[in-house]
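Structural description and commentary
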Amino acid sequence: MPHLPLASFRPPLWGLRPSRGLPRSHPISTQSEPNGSAISQRNREAKQKRLRQKQAALEAGIAQKSKSPAESSKAWTPKEIVLYEIPTEHGEKKDVSRPLPPAYSPQYVEAAWYPWWVREGFFKPEYQARLPQATRETFSMCIPPPNVTGSLHIGHALTVAIQDALVRWHRMRGDQVLWVPGSDHAGIATQAVVEKQLWKERGVRRHELSREDFLREVWKWKEEKGGEICEQLRVLGASLDWDRECFTMDAGSSVAVTEAFVRLYKAGLLYRSRQLVNWSCALRSAISDIEVESRPLPGCTELQLPDSPTPVSFGLLFSVAFPVDGEPDAEVVVGTTRPETLPGDVAVAVHPDDSRYTHLHGRQLRHPLTGQLLPLITDCAVQPHLGTGAVKVTPAHSPADAELGARHGLSPLSVIAEDGTMTSLCGDWLQGLHRFVAREKILSALRERGLFRGFQDHPMVLPICSRSGDVVEYLPKSQWFVCCREMGDRAAKAVESGALELSPSFHQKNWQHWFSHTGDWCVSRQLWWGHQIPAYLVVEEHTQGDAKDCWVVGRTEAEAREVAAELTGRPGAELTLERDPDVLDTWFSSALFPFSALGWPQEVLLHSMVRDRQGRKMSKSLGNVLDPRDIINGVELQVLQEKLRDGNLDPAELVIAASAQRKDFPRGIPECGTDALRFALCSHGALGGDLHLSVSEVLSFRHFCNKIWNALRFILNALGEKFIPQPAEELSPASPMDAWILSCLARTARDCERGFLTCELALVTHALHHFWLHNLCDVYLEAVKPVLLHLPRPPGPLQVLFSCADIGLRLLAPLMPFLAEELWQRLPPRPGGAPAPSICVAPYPSALSLEHWHQPELERHFSRVQEAVQALRALRATYQLTKARPRVLLQSSEPGEQGLFEAFLEPLGTLGHCGAVGLLPPAAAAPSGWAQASLSDTVQVYMELQGLVDPQTHLPRLAARRHKLQKQLDGLIARTPSEGEAETQRQQRLSSLQLELSKLDKAASHLRHLMDVSPSPGEL
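Being a predicted model, the structure only gives us computed values, none of them experimental.

Focus on the overall build of the chain
Per the secondary structure count, the chain includes 29 helices and 34 strands. Looking at the chain as a whole, 50% of its 1020 residues qualify as buried. Of the roughly 47,900 Å² of accessible surface on the chain, a fraction of 53% belongs to carbon and sulfur atoms.

Below, the structure written as structure tokens:
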């Protein structure tokens, strides 16, 4: 399918921009399980276990509410896997006529939906333009192209979760959305994979094939094996327009790359020069700065490097003597960490103010290996306090030395070849040797000549090629470079002027710093797979040996020939052109991807980096890199360990990584599902600092999914088959509880809208989590259950339940698309008008449309009712009233507060697990023998105990609990705070224990009063 005209999607965005401002264990069968079936014995046992755990937590003085999911126990119980087994053709709509399974199972929920979404065209802007809620606004975005050879890790999953949530929200609100998928060709990685495959399967090296034949093999591999990332994106639910999928080696992208190169060259922003580049001898190619890993070494460290026959020691400083010419006993000792570069030394440098060498200024030294004369030069860049204060100068193999050499007119000597062996400039005794083998031979020669002065441990930073693991060499090469300083200045000014918006804005400081410290970018790569550089060498038959090479640039060879003819003054047909065999850095084309796909961006969204629970950066060597599919589907520890062994870690790193995995995932990773993973990733302040993610946190959101699942099973069962929904605008609450939950729903819609408009998805997840869990499930559903027992069922609560389910699921859909679709499809349609075929194209609830339900004052009133509920539950726990339903009285000294509670007496009793709830007049005396708790200075609650509690039985139990808590308190007071323990946390535990002891003392007093026994000091 052809691309849409780009003009129809202006303003295109790379990143994000709101269209307008604010207004598996064993599978089980589920086909016979009805909606709303009775709670099973297993569920009852689980509930009793939770009650016991809560009681234990109270006794220990632990505030469970403040405990984050990441701090919870690593223990988890495997859940039964429910499979969707109804025959459904790929791309056909899922059958939702059967009852919901009894429990949430990700594999069941996520089956079949994605192929149907794609086939129906819901992700295409052409479809969205026909939606009833269409706004005629546009929102366009492209995915940051991942490597075609790789697989997505959890950091990629964060990007996808954020982008897809925003894309789905814009689509549901009626914007015309284009989200372009794509991947880059990963020049180095892909070529390495194919080379290994050719050698393994056919015993053929790349250079034994022609360039064209090798590229055919790469394309063949790409078509067969390069689709793993696309499959991962589908698993994550990414709503991409797959008909517009791009690849950086596609014809369209290739034209854009060539055009960019030519334009940059003509603008003077791209040039060819002989400079030092980062060189990987293992890859035989230049690499970028970002592909160089700076590995700190504390001292002597052995590393096994590619192509090196034995481990090589680094982190050592070798001292070498350079004899002073004409003075037999005089020498200058220099320190070096790279003795293999000694043949390339062209001088020794000292600081001009270093008094130790003042007398040697202008003198010459003898090279310790060749005996050639080298100048002793002075330069302020030398640090006299380091080592001996004298340094050898090797301009061909050190960026710092290259700058120093240029200042002093020193000619570089290149002594290390592209393959990491020593060049002919080193002499026959070293030529052809691996550079680290040559190191040992050089050290031996220095010892024989009496010029070796020893070695010592030396902390250093070693440059390592992140692609190959080899030590990076700095080699002088004629390459193509992009002038980044001028473009960086323009990028910085674009943000300063507001032409380019960064979200969040606090990244502006880092943006400015980055572009003020950027150097020119070497874009040449000595590969075959990639965009061949559109530059041609004009081969002159009679050029002098010292003449500068003549290069021309053109979109085609014909265009380059015209340029060459004009440049040389000779007919183009007489000229011989040779195209540069090198290709461009993959990032040259990847960086162009958003521009070639969509045009110039107006906003860039910068999100956090994902770290593990301990705050460490994800690293294969640490064993904490996670494939999102392993969290979605679950994986055994054995499989995780096998993945490590199949990787490219060296033996030492493998041991560390495997040990870390066994510690972090002793029982593997539980099945969490796509929706839980997406919700967990978006729940962090992704626009702030680094994101610390733990699997236990994702698992907690799977439990949240199960809560929503059970809520819908209850609601669907309550609605029945003949229920007809009212239009939302006609729904008027029939009770204070109905009004309260609808107000919460309206507030949630407002918070979600604000979060999406500001790209603060943590606001959205928090609002949705609070509504579904704490408003709907924990409060309203519990309060409405007794009301629904009345026959015929009153229509008001049923309409409210439907609206909570319908609107709540549509609010949730951008973050949990699979669960929302599965449940929303089972709701009865509202009358009038054709319903949306899918929740992903249903209207997103707007805050304005629900504003008539919002009653902030009512919510504040009900919060007082909830405080009373918590007080009643605490009294029940203190007196261990497990089954009894005691009578309750509320008393307020403020007449106005009486009316506040009066409207909620029935739900208060239901939620507090009490019997009848009444009001005690403000001036009335407290009922004798009733338990009492204070809500505030003006409100008291009383709970009847007479006949419900046996004091003789309960007093000994209270005494035992008090003794246990007192012992904990005494131990905590006596114990010296551990290192790193926060004093505030310790004080909180002390206060919690003291509060529980106070409650027990008060309870004991009430029980004695019931026995009509005077309390005796020390009895408790």
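The discussion continues.
A short note on helix 21 (residues 736–757)
Each α-helix turn comprises 3.6 residues. Residues three or four places apart therefore point the same way. Taking 1.5 Å per residue, 22 residues should reach 32 Å; helix 21 reaches 32 Å between its end C-alpha atoms and fits that length. Of all the 22 residues making up helix 21, 19 are buried; the element is thus mostly covered by neighbouring parts of the structure. Remark: Cys-759 follows helix 21 within two positions and exhibits a positive phi of approximately 60°.

A closer look at the pattern of salt bridges
As enumerated under the stated definition, the model contains 52 salt bridges in all. For Arg-561, the salt bridge goes to Glu-557, with nearest N and O atoms at 3.0 Å. Taken as a pair, Arg-561 and Glu-557 lie in helix 14 (residues 557–568) at a separation of four residues, close to a single helical turn. Arg-561 sits in the partly exposed class, given a relative accessible area of 21%. On the basis of relative accessible area, Glu-557 is assigned to the partly exposed category, the value being 39%. Among the ionic pairs, Arg-810 bridges to Asp-806, the shortest N-O distance being 3.0 Å. Taken together, the positions of Arg-810 and Asp-806, both in helix 23 (residues 795–812) and four residues apart, correspond to about one turn of that helix. A relative accessible area of 5% means that Asp-806 is categorised as buried.

So, the sheet that holds strand 15 (residues 364–366)
Read across the sheet, four strands follow the order 15-16-14-17 without closing on themselves; strand pairing throughout is mixed. Pairing within the sheet leaves two strands with one partner each, and these edge strands are strand 15 and strand 17 (390–393). Within the sheet, the average angular offset between the axes of one strand and its neighbour, ignoring direction, is 35°. Judged from the three bridges that link them, strand 15 and strand 16 (residues 373–378) form a sheet pairing that is antiparallel. Looking at the pairing, Leu-365 lines up with Leu-374 of strand 16.

Structural notes on the packing of helix 21 against helix 25 (residues 856–878)
Their axes nearest at 9 Å, the elements helix 21 and helix 25 cross at an angle of 115°. Judged by the sense of rotation from one axis to the other, the crossing of helix 21 with helix 25 is left-handed. Facing helix 21, whose interface residues are Pro-736, Met-737, Ala-739, Trp-740, Ser-743, Cys-744 and Arg-747, helix 25 presents Pro-856, Leu-858, Glu-859, Phe-862 and Gln-866. Of the residues belonging to the contact of helix 21 with helix 25, the class tally is eight nonpolar, two polar and two charged.

Notes on the environment of Asp-950
Here Asp-950 lies in the loop between strand 34 (939–943) and helix 28 (951–974). Residue Asp-950 is classed as partly exposed on the basis of its relative accessible area of 38%. The spatial distance from the C-alpha of Asp-950 to the C-alpha of Met-1011 is 9.1 Å, given a sequence separation of 61 residues. A distance of 2.7 Å separates a polar atom in the side chain of Asp-950 from a polar atom in the side chain of Thr-953.

Description of the environment of Val-869
Along the chain, Val-869 turns up in helix 25. Sequence separation between Val-869 and Gly-909 is 40 residues; the distance between their C-alpha atoms is 8.0 Å. When residues no more than four places from it in sequence are discounted, the contact partners of Val-869 are Leu-908, Leu-911 and Gly-912.

Describing the pairing of strand 3 (residues 138–142)
Of all five residues in strand 3, five are buried; the element is thus mostly enclosed. With burial as the criterion, each face of strand 3 is covered, one bearing Thr-138, Ser-140 and Cys-142 and the other bearing Phe-139 and Met-141. Note that strand 3 and strand 4 (residues 176–180) share five bridges and pair parallel. Paired with Met-141 across the two strands is Trp-179, which belongs to strand 4. As for the winding sense of the linkage, the β-α-β connection from strand 3 through helix 5 (residues 154–172) to strand 4 is right-handed.

Focus on the nonpolar core
One finds Ile-708, Trp-772, Tyr-780 and Leu-809 to be the most contacted residues of the largest nonpolar core, which totals 172 residues. Sorting elements by how many residues they give to this core places helix 22 (residues 761–788) first, with 15 residues. Beyond its immediate sequence surroundings of up to four residues, Leu-809 is in contact with Ile-708, Leu-712, Trp-772, Cys-804, Ala-820, Leu-823, Trp-824, Leu-827 and Ile-839. Judged by nonpolar contacts, the second largest core, of 39 residues, contains Phe-318, Ile-416, Leu-451 and Cys-522.

What to know about the confidence of the model for the chain
The predicted coordinates should not be examined in detail at positions where pLDDT is low. Taken over all residues, the pLDDT of the chain has a mean of 87, while the share at 70 or more is 89%. Long-range and interchain partners of residues 1–74, a stretch whose pLDDT sits below 50, account for 147 contacts in this model, where long-range means more than four residues apart. Segment residues 542–546: pLDDT under 50, and zero contacts once partners within four positions in sequence are set aside and those in other chains are kept.

Quick notes on the environment of Gly-268
As for its position among the elements, Gly-268 is in the loop between helix 9 (251–266) and strand 7 (270–280). For Gly-268, a relative accessible area of 49% translates into the label partly exposed. C-alpha of Gly-268 to C-alpha of Val-482: the two residues are 214 residues apart in sequence and 9.1 Å apart in space.

Observations regarding helix 14
Over its twelve residues, helix 14 runs 16 Å from end to end, which matches the ideal 16 Å to within 8%, given 1.5 Å per residue. Tucked into the core, helix 14 has its buried residues touching strand 24 (535–539), strand 25 (551–553) and strand 26 (576–579). One or two steps after helix 14, the chain reaches Gly-569, where phi turns positive at roughly 75°.

A word on unusual backbone geometry
Look at the link from Leu-791 to Pro-792: it is a cis peptide, with omega at -5°. Tracing the backbone through its elements, the reader meets Pro-792 in the loop between helix 22 and helix 23. A positive phi is found at Ala-112, a non-glycine position, where the angle reads about 75°. If you trace the backbone, Ala-112 turns up in the loop between helix 2 (106–110) and helix 3 (113–120). Look at Arg-136: it is not a glycine, yet its phi comes out positive at around 70°.

A closer look at the side chain of Glu-473
Within the secondary structure layout, Glu-473 lies in strand 20 (residues 473–482). One polar contact links Glu-473 to Arg-435, side chain to side chain, over a distance of 2.5 Å. In this structure, Glu-473 is in contact with Val-277, Asn-278, Trp-279, Cys-281, Arg-338, Ile-416, Arg-435 and Phe-436, ignoring residues within four places of it in sequence.

Thresholds, definitions, all that
- In this numbering scheme, every chain counts its residues from 1 along its sequence in written order.
- The predicted origin of the model limits local features to residues at a pLDDT of at least 70 and limits the giving and counting of side-chain atom pairs to 80 or more, whereas totals for whole chains, interfaces and linings rest on all residues.
- Neither water nor hydrogens contribute to the side-chain values; these are computed over all heavy atoms in the structure.
- Helix numbering and strand numbering both begin at the N terminus, where a helix is a DSSP run of H or I of at least 4 residues and a strand a DSSP run of E of at least 2.
- Buried means the residue's accessible area, taken with a 1.4 Å probe over protein chains only, is under 20% of the maximum for its type, while exposed means over 50%, and partly exposed covers the values in between.
- Note on areas: Shrake-Rupley with a 1.4 Å probe; residue coverage comes only from the protein chains shown.
- In a helix, the anticipated span is given by 1.5 Å times the number of residues less one.
- Salt bridges, as used here, are contacts in which a Lys or Arg side-chain nitrogen is within 4 Å of a carboxyl oxygen on Asp or Glu.
- Only strands that DSSP links by at least two bridges are regarded as paired with each other.
- All axes here are fitted lines through C-alpha atoms, helices being fitted over the stretch that makes contact, and every angle between N-to-C directions spans 0 to 180 degrees.
- Working rule for handedness: look at the near helix, and if it is turned counterclockwise from the far one by less than a right angle, call the crossing left-handed; if clockwise, right-handed.
- Contact between two residues is taken to exist if any of their heavy atoms lie within 4.5 Å; hydrogens are not considered.
- Nonpolar residues are Ala, Val, Leu, Ile, Met, Phe, Trp, Tyr, Cys and Pro. Charged residues are Asp, Glu, Lys and Arg, and all others, Gly as well, are polar.
- Distance and chemistry together define a polar contact, namely a pair of N or O atoms within 3.5 Å, with one atom able to donate a hydrogen and the other to accept it when in protein, and with adjacent residues in sequence counting only for side-chain atoms on both sides.
- A clockwise path from the first strand over the helix to the second, with the strands pointing away from the viewer, defines a right-handed crossover.
- Buried Ala, Val, Leu, Ile, Met, Phe, Trp, Tyr and Cys residues that are joined via side-chain atoms within 4.5 Å together make up what is termed a nonpolar core.
- The predictor attaches a confidence to each residue, called pLDDT, with possible values from 0 through 100.

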